[in-house]
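Notes for the structure review
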Amino acid sequence: MRGLFRKMKFLEHWKRALAIVWSSAPGFTAVWAIFLLVQGVLPVAFVYLTKIVIDSIVAANAGGGKWDDVGEAVFYLVVMGGTLLVAEVVKHLGVWIRAAQAESIADSISDMVHRQAVRLDIVNYETPEYHDLMERARGESSGKPLELLESLGGSIRDGITVLAFAAILFSYAWWLPAVVILGAVPSLIVAYRLDRDYHRWWKASSNERRWASYYDAMLVHSDAAAEIRVFDLGRHFRNLYQGVRQKIRAEKLRHLRRQGTSRIAAGAFALVTAGGAVAWMAYRVLYGFASLGDLGVFYQIFSRGQSLVGSLLGSAGTVANNSLYLENLFDFLDLEPKIVGPEKPAPIFDRVSRSIEFRNVEFSYPGSTRPALSDFDLELPANKVTALVGVNGAGKSTAVKLLLRFYDPDRGSVLIDGTDIRNFDPVELRRRASVLFQFPMQYHARAGESIALGAADIETDTERVLESSANAGAHEFISRLPEGYETLLGKWFVDGAELSGGEWQRLALARAFYRRAPIVLLDEPTSFMDSWSEADWFERLRSMTERKTGLLITHRFSIAKRADVIHVIDRGRIVESGSHSELVRSGGAYAASWDEQMRLDGERINYGT
Ligand code: ADP
């Protein structure tokens, strides 16, 4: 029963793969199908014509070379030439159609994979199983729907030819078709079993292949370039890369070697059976039971028929094994995000009118035993800037991630004006937040475009770009770029301009301004800034959060001090709250850290750093 169920699953995969192929390239697929039929029939026509041509030449020869007989032979020769020409044309056009079809299908599948990757929860990126599955879905699996179509098509085409050959052979002796098929059986077994073994190995080695890509990225990507040089890590990563590749290569070659030797053995067996059959016909011609044309037909059928049956059975094996690969692709496409909105989401707010509230929240990252937040209560009043300060690892960014619903709390809830955020559509919720991350993305786009990405769902508004850029203090350096707002940023592409860390951050701030969302979340917005511009920064942040609900995460007290309310977080819990002066007066952890930071800043100023 289970076996039957698994077989049904194969069918399901095939149906789905062929539906993908058809919807991605219906026109090409239709032409391809017609070519397939033509290619199935042509070899038979050719073989049959061979017999007629040989026999008519022999007849013309026997008749003393009479013009009528010679003319007939020439006519058949021309028809045979025409068939060959059609076969050639179909073959070459077929190559072009296949390439066009393959490109369309590959792009459609990439689009499906991309759409799915963006749709899934962030938590997926934190599990190696997800990365393995993604690697497999993007790797060999993505070419499998087309391969399935081709092997199915190949089976049909070869099937037509083989059936026609079998009919011709049958007319000579009933047992001849059986000899052809028998000769090809070992090829089938070999193809099926070796393909299956190869797939098993391929699946098991996806983790190793990802290690290889990782080492490769370390060596070629700009993010790692500086450290690789400073620590002279080139040789280290090259050795690691070569080590993994050597292992993968050796295993792959072992599989290919096994495939090679088994195929030679299967081919030799086929040859022996074919040789026997042709010898039988030669014997018959010798003793006058058959014509020379018959021997020609026989030779053709056996020389082509054997390899045809082999390839037919081989494609049948590939069709069967294809579903193993397709399973990887479909497993990935079928993953469902867990962070979803309810069927009927609550109406989304335009502004926060009272507050955002974390109520008794407890949260541990998947796979971690220590909670990142526990008994976490925090209120962000509407139209105010709230600062969250605390040492590294205290849980500040985690609070932001929960508010954006990258994760859901294990216990407790996050409420906006009293509504649990799980009641909103997560996409709409995120649309209502402007976030400046600690390490913002450095998009390789034109400066103006990069700012407008803050609200990609609306048409670019140049006025708004300029205003956001000015508010973020980015206008000055963008104007100095060779082509101002039209300058391509980043160094990956021709004519790209590189920015400093602080400039990238200002650009990201402009993007956040551009968004004009009612909730503003700033995670260490000044981490790349020198202390002199902090006052300037806060004024900018203030204007950005005007009539908005702001959360500012920082470890710099001189920034936090200007917020309306300050909360101190320690090991996932709020430990002190109040205004700057209240906290300093209370003499707690905030006051001690404030004194310490002021002392350090004072020293830095004295030493002129
Ligand atoms: P902060 O922003 O205050 O520096 P975080 O909120 O980033 O701190 O981290 C809080 C705790 O959660 C830390 O102990 C950190 O190691 C852990 N943590 C952060 N991100 C992840 C993650 N993606 N997976 C597992 N643990 C994490």
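These numbers come from a predicted model, not from an experiment.

Segmentation of the chain into domains returns domain 1 (2-333), domain 2 (379-409 + 419-432 + 517-609) and domain 3 (441-514). Taken over C-alpha atoms, the centre of domain 1 sits 50 Å from the centre of domain 3.

Once that is clear, we can look at a negative patch on the surface. The grouping of Glu-449, Glu-483, Glu-486 and Asp-495 at the surface amounts to a negative patch. When you line up the elements, Glu-486 lands in the loop between helix H15 (475-480) and helix H16 (501-515).

With that settled, consider the pattern of salt bridges. For the structure shown, the criterion picks out 26 salt bridges. Of the charged contacts, one joins Glu-357 and Arg-359 as a salt bridge, the two residues approaching to 3.1 Å between their closest N and O atoms. Given the relative accessible area of 43%, Arg-359 is considered partly exposed. With a closest N to O distance of 3.6 Å, Asp-457 and Arg-431 form a salt bridge. Of the two residues, Asp-457 is situated in the loop between helix H13 (447-452) and helix H14 (462-471) and Arg-431 in helix H12 (residues 426-431); the sequence distance between them amounts to 26 residues. Judged by its relative accessible area of 37%, Arg-431 falls in the partly exposed class.

Grouped together as the largest cluster of nonpolar side chains are 42 residues, with contacts concentrated most on Ile-451, Ile-478, Leu-509 and Tyr-590. With 8 residues, H16 is the largest single contributor of residues to this core. Inspection of this core shows a minimum of three residues originating in each of domain 2 (379-409 + 419-432 + 517-609) and domain 3 (441-514). Setting aside anything within four residues of it in sequence, one finds Ile-478 in contact with Ala-447, Ile-451, Ser-469, Gly-484, Tyr-485 and Leu-507. In this structure, Phe-349, Val-352, Leu-373 and Ala-433 belong to the second largest nonpolar core, which totals 33 residues.

The strand order across the open sheet built from 4 strands is S2-S1-S4-S5, with neighbouring strands paired in antiparallel fashion. A single partner strand is all that each edge strand has here, and the edge strands are strand S2 (373-381) and strand S5 (419-420). The pairing of strand S4 (residues 411-416) with S5 spans 2 bridges and is classified as antiparallel. Opposite Ile-416, over in S5, you have Thr-419 as the bridge partner. This element, helix H11 (residues 396-403), spans strand S1 (355-363), S2 and S4 of the sheet and lies at about 110° to S1.

Calculation criteria
Numbering of residues starts from 1 in each chain and follows the order in which that chain's sequence is written. Where local features are concerned, this predicted model is filtered to residues with pLDDT of at least 70; where side-chain atom pairs are given and counted, the filter is 80 or more; whole-chain, interface and lining totals use all residues. Only heavy atoms go into the side-chain values, all of them from the structure, while hydrogens and water stay out. Residue ranges labeled as domains rest on an automatic or database domain assignment. A patch is a set of surface residues, each over 30% in relative accessible area and not in a salt bridge, joined within 9 Å for like charges and within 5 Å for the nonpolar side chains Val, Leu, Ile, Met, Phe, Trp and Tyr. Residue-level accessible areas treat just the shown protein chains as cover; the underlying method is Shrake-Rupley with a 1.4 Å probe. One side-chain nitrogen of Lys or Arg within 4 Å of one carboxyl oxygen of Asp or Glu is enough to make a salt bridge. By the counting rule applied here, Lys and Arg register as positive and Asp and Glu as negative, while His and the ends of each chain are not counted. We put the charge of a Lys on NZ, of an Arg on CZ, of an Asp on CG and of a Glu on CD. Helix and strand assignments follow DSSP, with helices taken as H or I runs no shorter than four residues and strands as E runs no shorter than two, numbered in order from the N terminus. Note on exposure labels: buried denotes an accessible area under 20% of the residue type's maximum, exposed denotes more than 50%, and partly exposed covers the range between, all computed with a 1.4 Å probe on protein chains only. Note on terminology: a nonpolar core comprises buried Ala, Val, Leu, Ile, Met, Phe, Trp, Tyr and Cys residues joined through side-chain atoms within 4.5 Å. Two residues qualify as a contact provided that any one of their heavy atoms is within 4.5 Å of a heavy atom in the partner residue. For two strands to count as paired, DSSP must find a minimum of two bridges between them. Each axis is a line fitted through C-alpha atoms, and for a helix only the stretch in contact is used; angles between axes span 0 to 180 degrees, taken between their N-to-C directions.

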